[in-house]
Amino acid sequence: MSHTPHELHEEFPDKAEKISALKQSDAHFARLAEEYHDLNRKVHRAETNVEPVAELVEVEMRKKRAVLKDEIYQMLSA
């Protein structure tokens, strides 16, 4: 499997322990993290032409990934 950029532990390396703890203790955070992970994989497959999509679709997926990442960051920073 190729390296996939933008994994949460790579985006927030100093928050890796908190990410793991919140995934287990906070159902909302766990759902957000899973949604981010799934979307991140789709973006990566689109970017590498494994599963090409229309450019507009790819842009929208990236925007949604950024929104999820912002929400996750807010929870990690609380």
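Since this is a predicted model, take the numbers as computed values, not measurements.

J.: Before we go on, may I ask you to explain the nonpolar core in this structure?
T.: Soluble globular proteins tend to bury their nonpolar side chains together. Within the largest apolar cluster, 15 residues are counted, with the highest numbers of intra-cluster contacts made by Leu-8, Phe-12, Ile-19, Phe-29, Ile-72 and Leu-76. Only α2 (16–25), α3 (27–47) and α4 (55–77) provide two or more residues apiece to this core. Among the elements that line this core, the one with the most residues is α3, at seven residues. The contacts of Phe-29, once residues within four sequence positions are left out, are Ile-19, Leu-22, Lys-23, Ile-72, Met-75 and Leu-76.

J.: Can you walk me through the pattern of salt bridges in this structure?
T.: Side-chain pairs of opposite charge can arise where the charged atoms are in close proximity. This model, assessed by the stated rule, comprises eight salt bridges. One salt bridge connects Glu-51 with Arg-45, and the closest N-O pair in it is separated by 3.2 Å. Across the salt bridge formed by Lys-63 and Glu-60, the nearest N and O atoms sit 3.6 Å from each other. Of this pair, Lys-63 and Glu-60 both sit in helix α4, three residues apart, which is roughly one turn of the helix. The class of Lys-63 is partly exposed, set by a relative accessible area of 49%.

J.: What am I meant to see in the packing of α3 against α4 here?
T.: At a minimum axis distance of 9 Å, the contact between α3 and α4 shows a crossing angle of 150 degrees. With respect to their mutual orientation, α3 and α4 come out roughly antiparallel. In this structure, α3 meets α4 at a crossing whose hand is left-handed. Here α3 contributes His-28, Phe-29, Leu-32, Ala-33, Glu-35, Tyr-36, Leu-39, Asn-40, Lys-42, Val-43, Ala-46 and Glu-47 to the contact with α4, which in turn contributes Glu-58, Met-61, Arg-62, Lys-64, Arg-65, Leu-68, Lys-69, Glu-71, Ile-72, Met-75 and Leu-76. In terms of residue class, the contact of α3 with α4 is made up of twelve nonpolar, two polar and nine charged.

J.: Looking at this structure, how should I read unusual backbone geometry?
T.: Peptide bonds are trans in most cases, and residues, glycine excluded, mostly fall at negative phi. The phi dihedral of Asn-49 falls on the positive side, at around 60 degrees, and the residue is not glycine. Residue position: Asn-49 is located in the loop between α3 and α4.

J.: What should I look at first to understand α3 in this one?
T.: Three or four residues apart is the spacing at which side chains of an α-helix point the same way, because the helix has 3.6 residues per turn. In a regular helix each residue adds 1.5 Å, so 21 residues correspond to 30 Å; α3 covers 30 Å between its end C-alpha atoms and thus fits that length. Among the residues of α3, those classed as buried are Phe-29, Leu-32, Ala-33, Tyr-36, Leu-39, Asn-40, Val-43, His-44 and Ala-46. Considered in projection along α3, the buried side chains sweep an arc of 150 degrees and stay on one side of the axis. Looking at the packing, one finds that the buried side of α3 touches α1 (8–11), α2 and α4. By the N-cap criterion, in which a side-chain oxygen at the helix start approaches the backbone nitrogen of a residue two or three places on, α3 is capped by Asp-26, the distance to His-28 being 2.9 Å.

Analysis parameters
Residues numbered from 1 in each chain as written. Predicted model: local features only at pLDDT ≥ 70, side-chain atom pairs only at ≥ 80, totals over all residues. Heavy atoms only, no water. Core = buried A, V, L, I, M, F, W, Y, C linked by side-chain atoms within 4.5 Å. Buried < 20%, exposed > 50% of the residue type's maximum accessible area, 1.4 Å probe, protein only. Helix = DSSP H or I, 4+ residues; strand = E, 2+ residues; numbered from the N terminus. Contact = heavy atoms within 4.5 Å. Salt bridge = Lys/Arg side-chain N within 4 Å of Asp/Glu carboxyl O. Axes fitted to C-alpha atoms, helices over the stretch in contact; angles between N-to-C directions. Parallel < 35°, antiparallel > 145°, perpendicular 65-115°, else oblique. Left-handed = near helix turned anticlockwise from the far one by under 90°. Nonpolar A, V, L, I, M, F, W, Y, C, P; charged D, E, K, R; others polar. Expected span 1.5 Å × (residues − 1). Arc of directions from axis to C-beta. Polar contact = N/O pair within 3.5 Å; in protein donor to acceptor, adjacent residues only side chain to side chain.

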